[in-house]
Amino acid sequence: MKLQAVLFDLDGVVTDTAKYHFIAWRNMAKRIGITIDSDFNESLKGIERMQSLERILVHGGREQAYSQEEKERLAREKNDEYVSLLAGLTPEDTYPGIQELLHELRERRIPAVIASASKNAPLILEALRLNEYFHAIVDPGGIPGKPAPDIFLQAAKLAGADPAGCVGIEDSQAGIEAIKAAGMYAVGIGQAGILGPSGADLICSSTKELTLQHLLVSAGMET
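Residues numbered from 1 in each chain as written. Predicted model: local features only at pLDDT ≥ 70, side-chain atom pairs only at ≥ 80, totals over all residues. Heavy atoms only, no water.

Peer 1: Let's hear about the overall build of the chain: which residues, and what values?
Peer 2: When helices and strands are tallied, the chain shows 10 helices and six strands. Against the globule reference of 17 Å for 223 residues, the chain gives a C-alpha radius of gyration of 17 Å, in line with a compact fold. The burial tally for the chain puts 48% of its 223 residues in the buried class. By sequence separation, contacts in the chain at least 24 residues apart represent 63% of the contacts at least 6 residues apart. Here the chain displays about 10,200 Å² of accessible surface, and carbon together with sulfur accounts for 49% of that area. With 22 positive and 31 negative side-chain charges, the chain shows a spacing of 2 Å between the two charge centroids. (Helix = DSSP H or I, 4+ residues; strand = E, 2+ residues; numbered from the N terminus. Rg over C-alpha atoms; globule rule 2.2 N^0.38 Å. Buried < 20%, exposed > 50% of the residue type's maximum accessible area, 1.4 Å probe, protein only. Contact = heavy atoms within 4.5 Å. Areas by Shrake-Rupley, 256 points an atom, 1.4 Å probe, with all protein chains shown as cover. Lys, Arg positive; Asp, Glu negative; His and termini not counted. Charge placed at Lys NZ, Arg CZ, Asp CG, Glu CD.)

Peer 1: I'd love a proper account of the state of the cysteines, names of residues and values included.
Peer 2: Two cysteines joined by a covalent bond between their sulfur atoms form a disulfide. Scanning the model with the defined rule gives zero disulfides in all. No disulfide involves Cys-204; its sulfur sits 18 Å from the nearest other cysteine sulfur, which is in Cys-166. (Disulfide = S-S within 2.5 Å.)

Peer 1: Pulling in residues and values, what's your account of the pairing of strand β1 (residues 5–8)?
Peer 2: On β1, burial covers both faces: Ala-5 and Leu-7 on one face and Val-6 and Phe-8 on the other are all buried. Taken together, the four bridges between β1 and strand β4 (residues 166–170) define a ladder with parallel strand orientation. Residue pairing in the sheet places Val-6 in a bridge with Val-167 of β4. Bridge analysis of β1 against strand β2 (residues 112–114) gives three bridges, and the strand direction is parallel. Note that in β2 the partner of Phe-8 across the bridge is Ile-114. (Pairing = 2+ DSSP bridges.)

Peer 1: Lay out the packing of helix α1 (residues 18–31) against helix α3 (residues 49–59) in plain terms, naming residues and giving numbers.
Peer 2: Direction vectors running N to C along α1 and α3 enclose 45°, while the axes themselves pass 11 Å from each other. Our classification of the angle between α1 and α3 gives oblique. Our pair here, α1 against α3, has a crossing hand that is right-handed. Residues Trp-25, Met-28 and Ala-29 of α1 touch α3, and the partners they reach there are Arg-49, Ser-52, Leu-53 and Ile-56. (Axes fitted to C-alpha atoms, helices over the stretch in contact; angles between N-to-C directions. Parallel < 35°, antiparallel > 145°, perpendicular 65-115°, else oblique. Left-handed = near helix turned anticlockwise from the far one by under 90°.)

Peer 1: Lay out the side chain of Lys-78 in plain terms, naming residues and giving numbers.
Peer 2: Relative to the helices and strands, Lys-78 resides in helix α4 (residues 68–86). We note that Lys-78 is buried and unpaired, the nearest opposite charge coming from Asp-11 at a distance of 7.4 Å. A polar contact of 2.7 Å, which involves the side chain of Lys-78, links it to the side chain of His-21. (Salt bridge = Lys/Arg side-chain N within 4 Å of Asp/Glu carboxyl O. Polar contact = N/O pair within 3.5 Å; in protein donor to acceptor, adjacent residues only side chain to side chain.)

As structure tokens, then:
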């Protein structure tokens, strides 16, 4: 099987914006009397904005306290603070090995696509100066969130690729489940114990391990 595309989650794979998500969610939750910590924040990885808000409200026992309009306002407030925090991102915030992998993919004319629940992906890639390396960015609006496979299937479609010829890279349990449900080769970033029983085909402790050769050998694919 030829490697036809590599599909990247963004937060925790290309760069670390999870810390900014946590700060913004923590501050929003505090304003409405809910306390969240970094351990709880792990459960929000790979989850889109409104789903994350619902989890926070359930965690604080306030799931019935707000109308849909009020929930949307809370989510906007969180996102506004998150975007302001992103102003500090620079190319140096790109994870080790990612730019080198993207360069290899471009040299071999293998499309790289962002498959992230983040609606701020274009802004983040611009700050990291990585836009030119990506064939496409999936618009997550209206697409069922991970662990549903839809966002990865859409990424494969944008790349003109057969899902079976795609490698997906994720750092969350929900993301790995989404990749596998899409019928793709799944690469997990992180410690096996943290990722849990993810079902990842390959687990890399660091993005430094993400060379094109490593992906090809592990997945049994060729260019």
